Number of protein chains: 2
Amino acid sequence: MRVKIVLAYDGTSFLGSQKQKETSNTIFGIFESILSQLGIQQNVVASGRTDKGVHASYQVCHIDLPPFWMDIKKLQYVLNKMLPQSIFVKKIQKVSSDFHARYDATSRVYRYIIKEGQRDPFLNRFVTFVDGIDIQKISQNIKLFMGEHDFAYFMKNGSDVKSTIRVISKTFVYQHKGNIILYFEANGFLRSQIRLMVGALLQLNAFEIQQQLSLEKKI
Amino acid sequence: MRVKIVLAYDGTSFLGSQKQKETSNTIFGIFESILSQLGIQQNVVASGRTDKGVHASYQVCHIDLPPFWMDIKKLQYVLNKMLPQSIFVKKIQKVSSDFHARYDATSRVYRYIIKEGQRDPFLNRFVTFVDGIDIQKISQNIKLFMGEHDFAYFMKNGSDVKSTIRVISKTFVYQHKGNIILYFEANGFLRSQIRLMVGALLQLNAFEIQQQLSLEKKI
């Protein structure tokens, strides 16, 4: 039986979401090792990868359950007892056998939270404190990323991808409870792309961002 | 020049506040090592100790600054640049040379936050998720701790203290943004006392708590 699993996690103390040979300290490294303790030997397929230190509020995955795990309410309960406090199973739901968490995802959404003023030791895992935020400039310039671009200059070096072209379908800035939230929606993102785009929005002007998007000048 | 320093910290990844010989991973172990990098070789005197995993929103301390550190605004700025993100200097303020963070403290306040329902991976460092909270019972029973008691049964074993008698001057329960907050104010607390009192409030009835406070029966 194929099930869709929705996870939320605080990524602070993990080395990214994807399973790695070198370390077990990744979201899916831990998740799969706990599944295997329950007799579920499966590679979890996730909608996308998150980088080191990145959190997820709604990461969609799928696995095929062995026949002895029919009680998905109980499975959710047991998983949440066994998982570290920083990883939480929000939902497990039966889906059709051709559901695919990665290929069926129509878009991925990232939110990057920044805030003016003194840093707060209780928020530092979720919020980047920045001085002198020009919210109007950021709201305008974030639109430069819209559409299809070669994001080669917005990718961490050493990434191994077939193409650095991505299509960003929605970007905007909004305020919520004193935070400034930068919203990005795309078919997919390159490694560190969000962080590098936010860095550009904070430090560069429109002309410099356009130069980078047209691969003219890497700053 | 003596200064009062107010710290806030997320205690999650530290082994308590107090400096230890065995590890440098404590709040004041780290704080003093950074002070010493700035030429300030001082034992920081704090108003009180916090246990492993306990946070502080307003920990008052004092030190005596050497004459070359007169610019306390700059000192605060430099400290906040050097400290880990989880420790923050809220305030540095000149005080009279007889000010003492520990002896001049008239009371210490702790808040313990509990919440009904599914655990939240983004709040687990600050909130304990509990099912079936009887807020009325807790509001009544928290008053049992008021006044002077021998809290020997509300102390972690192996603690080395002269007396286990403490005077609790204020306790109450209130709700804030969906959280239930247990408030305790006292002249001082024993090691793990707050955690053990909260455990008692969640699991015991009034009679059982009174038994423990009168040292009749340890549960």
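Note that the structure is a prediction, hence the values are computed from the model and not measured. (Residues numbered from 1 in each chain as written. Chains lettered and ligands numbered in written order. Predicted model: local features only at pLDDT ≥ 70, side-chain atom pairs only at ≥ 80, totals over all residues. Heavy atoms only, no water.)

Caption draft 1: Structural detail: the packing of aromatic side chains. Using the criterion set out here, one finds 16 aromatic pairs over all chains in the structure. Here A:Phe122 and B:Phe126 contribute two aromatic rings whose centre-to-centre distance is 5.8 Å and whose plane-to-plane angle is 90°, an arrangement assigned as edge-to-face. Within this pair, whereas A:Phe122 is found in the loop between strand E5 (108-116) and strand E6 (128-130), its partner B:Phe126 is found in the loop between strand E5 (108-116) and strand E6 (128-130), the two belonging to separate chains. Here the aromatic residues A:Phe145, A:Phe151 and A:Phe154 are joined through ring pairs into a cluster of three or more. (Phe/Tyr/Trp six-rings, centres within 6.5 Å; stacked < 30°, edge-to-face > 60°. Helix = DSSP H or I, 4+ residues; strand = E, 2+ residues; numbered from the N terminus.)

Caption draft 2: Here's a closer look at the interface of chain B and chain A. Contacts between chain B and chain A engage 21 residues on the former and 21 residues on the latter. Taken together, the two surfaces of chain B and chain A that pack against each other cover about 1800 Å², and 53% of this comes from carbon and sulfur. If you look at where chain B meets chain A, you find 0 salt bridges. Along the contact surface separating chain B from chain A lie 8 residue pairs in polar contact (both at pLDDT 80 or more). Those elements that provide at least two residues to the side of chain B that touches chain A are strand E1 (2-9), strand E3 (56-64), helix H2 (72-82) and strand E4 (87-94) of chain B. Residue classes in the side of chain B that touches chain A are distributed as 10 nonpolar, 8 polar and 3 charged. (Contact = heavy atoms within 4.5 Å. Buried area = accessible area lost by both parts, 1.4 Å probe. Salt bridge = Lys/Arg side-chain N within 4 Å of Asp/Glu carboxyl O. Polar contact = N/O pair within 3.5 Å; in protein donor to acceptor, adjacent residues only side chain to side chain. Nonpolar A, V, L, I, M, F, W, Y, C, P; charged D, E, K, R; others polar.)

Caption draft 3: Up close: the pattern of salt bridges. Residues and elements named next belong to chain B. According to the stated counting rule, one finds 6 salt bridges over all chains in the structure shown. With a shortest N-O distance of 2.8 Å, Arg2 and Asp64 are connected by a salt bridge. Remark: Asp64 occurs in strand E3 and Arg2 occurs in strand E1; sequence separation between them is 62 residues. In this structure, the salt-bridge partner of Arg125 is Asp10, at a minimum N-O distance of 3.7 Å. Taken together, the positions of Arg125 in the loop between E5 and E6 and Asp10 in the loop between E1 and helix H1 (27-37) put the pair 115 residues apart, joining distant regions of the chain.

Caption draft 4: Layout of the domain arrangement of chain A. Residues and elements named next belong to chain A. Parsing chain A into structural domains produces domain 1 (2-94) and domain 2 (108-213). Here the C-alpha centroids of domain 1 and domain 2 sit 27 Å apart. Contacts between domain 1 and domain 2 engage 8 residues on the former and 6 residues on the latter. Buried surface at the junction of domain 1 and domain 2, both sides included, amounts to about 580 Å², of which 38% is carbon and sulfur. The largest contributions to the domain 1 side of the interface with domain 2 come from Ser47, Asp51 and His55, which together make up 51% of the buried area. Across the contact surface, domain 1 and domain 2 share 1 salt bridge. If you look at where domain 1 meets domain 2, you find 5 residue pairs in polar contact (both at pLDDT 80 or more). Tallied by class, the residues present in the side of domain 1 that touches domain 2 amount to 1 nonpolar, 4 polar and 3 charged. (Domains from an automatic or database assignment.)

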